[in-house]
Amino acid sequence: MGSRSTRPTSQNGRPGGADRADQSLGAPEQDSRSWGPSPSSAPTLGPMTVMGQSVLLHDRRGSVKVLQKDEHMDALLGIDIDRSAGNLNQRRDSSHSTPIQRALRALSIPLERLHVMKGHMIEDMCKGLSRQTHAQAKVRMLPTYICSTPNGTEKGNFLVVELCQTQVRTLLVTLYGDGNLSPQMMYKIYDLPQGITQGEGEALFDFIAQCVIQFLAETISSDTNDSDLYLPLGFVFPFTCRQTQLDKAELLSWSKGFNCSGVVGKDVVELLQSAIDKQAVPDKEGEASGGGGWLRKNRKSSQSASSQSRHVEVVALMNDTVGTMMTCSMEGRACEVAMVADKGSNCCFMAEAYLVETTEETSGRMCVNTEWGCFGDDGTLNDLITPYDQSVDEESSNPGEKRFEKMVGTLYLGEIVRHVLIALTAEKAIFTGTDAAVLKEKGVFTMQHLLEIVNNEDGITEVKRILETLGLQPSERDCGRMQQICRAVVGRAATFHATGLAAILSYMCQTRDLESLMVNVGVEGELFAGYPRFEEILLSVSRLLAPECMATILASRDGSGRGAAMVTAVALRLAAQRRAVDEVLAPLRLSRDDLVKVQALMREEMERGLGKETNASASVRMLPTYVNHTPDGTEKGDFLALDLGGTNFRVLVVRITEDGITMASEIYVIPVSITQGSGDELFDHIIDCIIDFQTKQNLVTQMLPLGFTFSFPCQQVGLDKALLLTWTKGFSASGCVGQDVVQLLRDAAKRKRHLGMQVVALVNDTVGTMMACGYDDPKCEIGLIVGTGTNACYMEEMKNVGTVEGDQGRMCINMEWGAFGDNGCLDHIFTHFDTVVDETTINPGKQRFEKLISGMYLGEIVRQILLVMTEKELLFQGKPSPKLQTKDIFKTKFLSTIELNGLALRQIRTIMNELELDASFEDCVLMREVCQTVSLRAAQLCAAGLAAVVEKMRENRGLDQLSVTVGVDGTLYKLHPCFSTNLQTTLKDLAPNCNVTFMLSEDGSGKGAALVAAVADRAANAME
């Protein structure tokens, strides 16, 4: 897999999206005094001025934003209103401030510093997503392998087990496919035995398994049929894991007080599955075996437990953050970001999958678990870490780790307050008249105390009660200062959460190539639920930092329970959908053996086409072109070229000099009434256009040699004589099949009395392509067209061309391989979709190889697949638009657009809107897969045909290794983002002894035709 860029860029091409804020992306860290960041779509923020109860925010463009100020703004918004201090350390160390002021300032953050913080977080996010830098990133950006959110059709019974800090919670969630509006839930909570979180990992997982089995025994009736008891289980495991599949995750580290042995580095899903399976094996006493029998005294019979357990399968692992996002997507509201503000802190979001380089997935989106708790462990946040934070860190079980989480997690906020109080007590700024020794006791000041104080709006009575409960005797002034400190600590935590959210929102907006982003954010956790102003701060600060993004906060309801059930349900829905999709697409997916067989069949048909006795029955006609040489560089003069290969045709004049080739041309249109009228009308129209062109170029009086590119199957009996075998590409002019098309053109010239041209050679576009590239590369001996139609030609040994007299030299053979398979030899790879497309063409049963490959048909094949998938309710909720029922409405150019890697969703939806389809994001992803399947098959089949050609050339010449150039033209090859790569990769695999170079043709059908005329003119002059 090639490298994929993960770094968002601004319109000026610099990393990030900020004028100065995101210079931290890809640039050395600078002193916060010398630069102040701002988002790309927002004005650069200037100084702030305090005026009464509002703050004027001056930007550098001269405009002013008014922010209403209240008494808590300093702490809540993290805005430093001390304009005289630009450096954090200067502010903290000011000798003119009181201890209380210094403490509060240390806990407040200037807005410009938040911009810097946002930029650093985006930088670390990009590192975490990159394969090259992932190991160094502190924001780990772990893939979850969750690639879809609920769509409301999920139904069934789903088991959830959640490992909490002191408990195991089990749930049985029933969904009814009703939009998930009324899920039914049963749950039970089991307390973790004392010491188990520090013991052996096997004992912990055995206990979890026993909880699951006992819960099922108590909630599922014994008369339930075994067939109904398959229960998919979602495992909520709130620790940092490296996930490689939805059901495979290796524990990276314990946290939150857990430290069980034998688990780090192991697949926790496998550990739980093994523990559950073990419960189904009775031990010698008749009880199911496992881990210490923590719950045996409360369990039902082993027979009941055994019967229940053997159908439990762990199908998904997630953390509580992902569950929060999923539960907020349950009621018709797409939620793509989730935040948990609890004892720990984390955030996840739906990232573009192709940017997640640590996985092989490149289509659609994938939920990424940021694990942002470790942000700052590299020193990025050192200037924001206060002495109080440092003390909390030093007392923790993991000093120096999870620095961001220790400033925002509710597990630590009470401890931060405690250390602020210790410092202020030492400076005799608080509790001067009482013994404050209790503050030295770790954990004495809890998050519950903190929330009760910050949420108290009725004076200091409640504050005093809480402090007295702790054994302190505070004064009224102490209580007031206590409120200030608590609000500063909680406000800073909320502000930091908002800054992290702003980083994620800006990243999403930029990587989706949007001017603005509107997104729902699911939030859950003790800080969110317990602090009413958290949501207000989250929205206001994130809006200041990412004004291009508009977030709507959705309160999660039991994200780790319902959300985990939703993850499991979505996983099963997607698995069922995947099976159905694979069943539809399987016939189009060719194995290597299939391609080797196609290569062998092509070789057989080539031999039949070259044989004098077998040519008439061959599907690959192998037509001689009577072109025996490629350009040698001595050609000179003016030559006309006529390029007829579709409803648009060109007339050219080509001037060949020692200095190179110059051309002038004009495009003319052939109306459908003429392409399907009479032959005389068609060729009269062509002569009229040639006369018009020569008149405009002042060439009417000159008799110029003309090379005629005629891109339809012909039996050529001379360089300037060819019998039309059949019309293709929508032409059906009467009186032409079986006739010499050069003579038809000459007859039309006589009818029009035009004497300004002499047709000296007829070639098709494939031969012209080879000749045009041969002028620049003498090794070019193959021509390939992959556009509206497809064909190939190559230089064959004359001794092998049984349809032409002579054994010396070589001749270019026009394979006309579009008809390969018309004799039924490819029936084994023709699918239902191919048959439907073939039957609706103007030439059913003919050009069957071309109908598998060329641009004229691929869009229609895709449309037929989309119709079947819609009928099976795999796409568009089973509702096709009337437009999708219209033949040829899905253009092949749509394939090229849809398959562009990283194409923004809104661009694909533009195509869907054109087809009047209401496409979800998942629909767009599936459509891309359909297009990729069809175009890949086309490229592989083209490569199989080409492999037969180059291998024959190698064998003809008795070479161990052939080096040859293929001149190639056609919009499908040139414009499709993957076709050329897929073709070349497959060819290298099928013909390993051939070194094949591809050279894009520059106007093969025009310049090439003129060069054939020039070579013919050179040969004629040499004979004279």
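All values derive from a computational prediction rather than experimental measurement.

Thresholds, definitions, all that
Residues numbered from 1 in each chain as written. Predicted model: local features only at pLDDT ≥ 70, side-chain atom pairs only at ≥ 80, totals over all residues. Heavy atoms only, no water. Helix = DSSP H or I, 4+ residues; strand = E, 2+ residues; numbered from the N terminus. Buried < 20%, exposed > 50% of the residue type's maximum accessible area, 1.4 Å probe, protein only. Contact = heavy atoms within 4.5 Å. Areas by Shrake-Rupley, 256 points an atom, 1.4 Å probe, with all protein chains shown as cover. Pairing = 2+ DSSP bridges. Axes fitted to C-alpha atoms, helices over the stretch in contact; angles between N-to-C directions. Salt bridge = Lys/Arg side-chain N within 4 Å of Asp/Glu carboxyl O. Disulfide = S-S within 2.5 Å. Parallel < 35°, antiparallel > 145°, perpendicular 65-115°, else oblique. Left-handed = near helix turned anticlockwise from the far one by under 90°. Nonpolar A, V, L, I, M, F, W, Y, C, P; charged D, E, K, R; others polar. Polar contact = N/O pair within 3.5 Å; in protein donor to acceptor, adjacent residues only side chain to side chain. pLDDT = per-residue confidence, 0-100. Core = buried A, V, L, I, M, F, W, Y, C linked by side-chain atoms within 4.5 Å.

Enquirer: Help me get a handle on the overall build of the chain, residues and values and all.
Expert: Helices and strands together make up the secondary structure of the chain, namely 31 helices and 29 strands. Considering the chain as a whole, with its 1024 residues, one finds that 58% of them fall into the buried category. A separation of at least 24 residues holds for 69% of the contacts in the chain among residues at least 6 apart in sequence. Counting every atom, the chain has about 40,300 Å² of accessible surface; 48% of that belongs to carbon and sulfur.

Enquirer: Report on the sheet that holds strand E14 (residues 365-369), specifying residues and quantitative values.
Expert: Judged by pairing direction, the sheet is mixed, and its six strands sit side by side in the order E4-E14-E13-E12-E15-E16 without closing on themselves. Strands at the two margins of the open sheet, each flanked by one partner only, are strand E4 (142-143) and strand E16 (549-555). Of the strand pairs in this sheet, E4 and E14 are connected by two bridges, and their pairing is antiparallel. Within the sheet, the bridge partner assigned to Leu142 lies in E14 and is Asn369. Where helix H14 (residues 476-511) meets the sheet, it contacts strand E12 (337-341), strand E13 (345-352), strand E15 (517-524) and E16, and its direction lies at approximately 170° from that of E12.

Enquirer: Tell me about the pairing of strand E22 (residues 714-718), residues and numbers included.
Expert: Regular strands place their side chains on alternate faces of the sheet. When E22 meets strand E23 (residues 721-724), the two strands line up antiparallel, connected through four bridges. Looking at the pairing, Gln715 lines up with Leu723 of E23. The turn joining E22 and E23, which pair antiparallel and follow one another in sequence, is formed by two residues.

Enquirer: Help me get a handle on unusual backbone geometry, residues and values and all.
Expert: Negative phi is the rule for most residues except glycine; trans is the rule for most peptide bonds. In this structure, Glu816 takes a positive phi of about 50° despite not being glycine. Within the fold, Glu816 resides in the loop between strand E27 (810-814) and helix H23 (832-839). Here Glu816 falls in the buried class, since its relative accessible area comes to 8%. Here the phi dihedral of Asp888 falls at roughly 65°; this positive angle occurs in a residue that is not glycine. With respect to the helices and strands, Asp888 occurs in the loop between helix H25 (855-871) and helix H26 (892-898).

Enquirer: Talk me through the pattern of salt bridges; I want residue IDs and the actual numbers.
Expert: Scanning all chains against the criterion turns up 50 salt bridges. Linking Glu526 and Lys343 is a salt bridge whose minimum nitrogen-to-oxygen distance equals 3.9 Å. One end of the pair, Glu526, is in helix H15 (residues 526-530); the other, Lys343, is in the loop between E12 and E13, and 183 residues separate them in sequence. Glu526 sits in the partly exposed class, given a relative accessible area of 23%. Arg937 serves as the salt-bridge partner of Asp834, at 2.7 Å between the closest nitrogen and oxygen.

Enquirer: Give me the lowdown on the pairing of E27, citing residues and values where you can.
Expert: For E27, the tally of buried residues reaches four of five residues, placing the bulk of the element in the interior. The sheet contact formed by strand E26 (residues 790-797) and E27 spans five bridges and is antiparallel. Looking at the pairing, Glu797 lines up with Arg810 of E27.

Enquirer: Tell me about the state of the cysteines, and name the residues and values.
Expert: Taken as a whole and assessed by the stated rule, the structure comprises zero disulfides. Left without a disulfide partner, Cys549 is nearest to the cysteine sulfur of Cys509, which lies 4.6 Å away.

Enquirer: Which residues make up the sheet that holds strand E6 (residues 167-176), and what values do they have?
Expert: Read across the sheet, five strands follow the order E7-E6-E5-E8-E11 without closing on themselves; strand pairing throughout is mixed. At either end of the open sheet lies a strand with only one pairing partner, and these are strand E7 (184-191) and strand E11 (312-318). Taking the axes of each pair of neighbouring strands and ignoring which way they run, one obtains an average angle of 20° across the sheet. Two elements, strand E8 (residues 231-236) and E11, share six bridges in a ladder whose sense is parallel. From the neighbouring strand, Val236 faces E11, where its bridge partner is Met318. Of the strands in this sheet, strand E5 (155-163), E6, E7, E8 and E11 touch helix H5 (residues 201-219), which is tilted by about 135° from E7.

Enquirer: So, the packing of H23 against H25: which residues are in play, and what are the values?
Expert: Taken N-terminus to C-terminus, the directions of H23 and H25 make an angle of 120°; their axes are 9 Å apart at the nearest point. Here H23 lies oblique to H25, going by the angle between them. Handedness of the H23/H25 crossing: right-handed. Taking contact as the criterion, the partners of Phe833, Asp834, Val836 and Val837 in H23 are, on H25, Tyr857, Glu860, Ile861, Gln864, Ile865 and Val868. Its residues assigned to classes, the contact of H23 with H25 comprises seven nonpolar, one polar and two charged.

Enquirer: Any details on helix H12 (residues 447-454)? Residues and values, ideally.
Expert: Summarising burial for H12: six of the eight residues are buried, a large majority. For H12, the complete set of buried residues consists of Met447, His449, Leu450, Leu451, Ile453 and Val454.

Enquirer: Provide a residue-level description of the side chain of Arg487, including the pertinent values.
Expert: With respect to the element layout, Arg487 can be found in helix H14. Within the structure, Arg487 has its side chain in polar contact with the backbone oxygen of Asn456 (distance 3.3 Å).

Enquirer: Break down the confidence of the model for the chain for me, citing the residues and quoting the values.
Expert: Keep in mind that low pLDDT regions are not for reading the predicted coordinates in detail. In the predicted model, the chain carries a mean pLDDT of 84, and the fraction of residues at 70 or more is 85%. Low pLDDT, under 50, characterises residues 1-7; the stretch is placed with 31 contacts to residues that sit more than four places away or in other chains. In this model, residues 9-88 is a region of pLDDT below 50 whose contacts with residues beyond four sequence positions or in other chains number 194 contacts.

Enquirer: Tell me about the nonpolar core, and please be specific about residues and values.
Expert: With 95 residues, the main nonpolar core has Val337 and Phe534 as its most contacted residues. Once you skip the residues sitting within four places of it in the chain, Phe534 turns out to touch Met339, Ala341, Ala494, His497, Val523, Leu527 and Phe528. Ile911, Leu946, Val950 and Tyr973 belong to the second-largest nonpolar core, a separate cluster that totals 90 residues.

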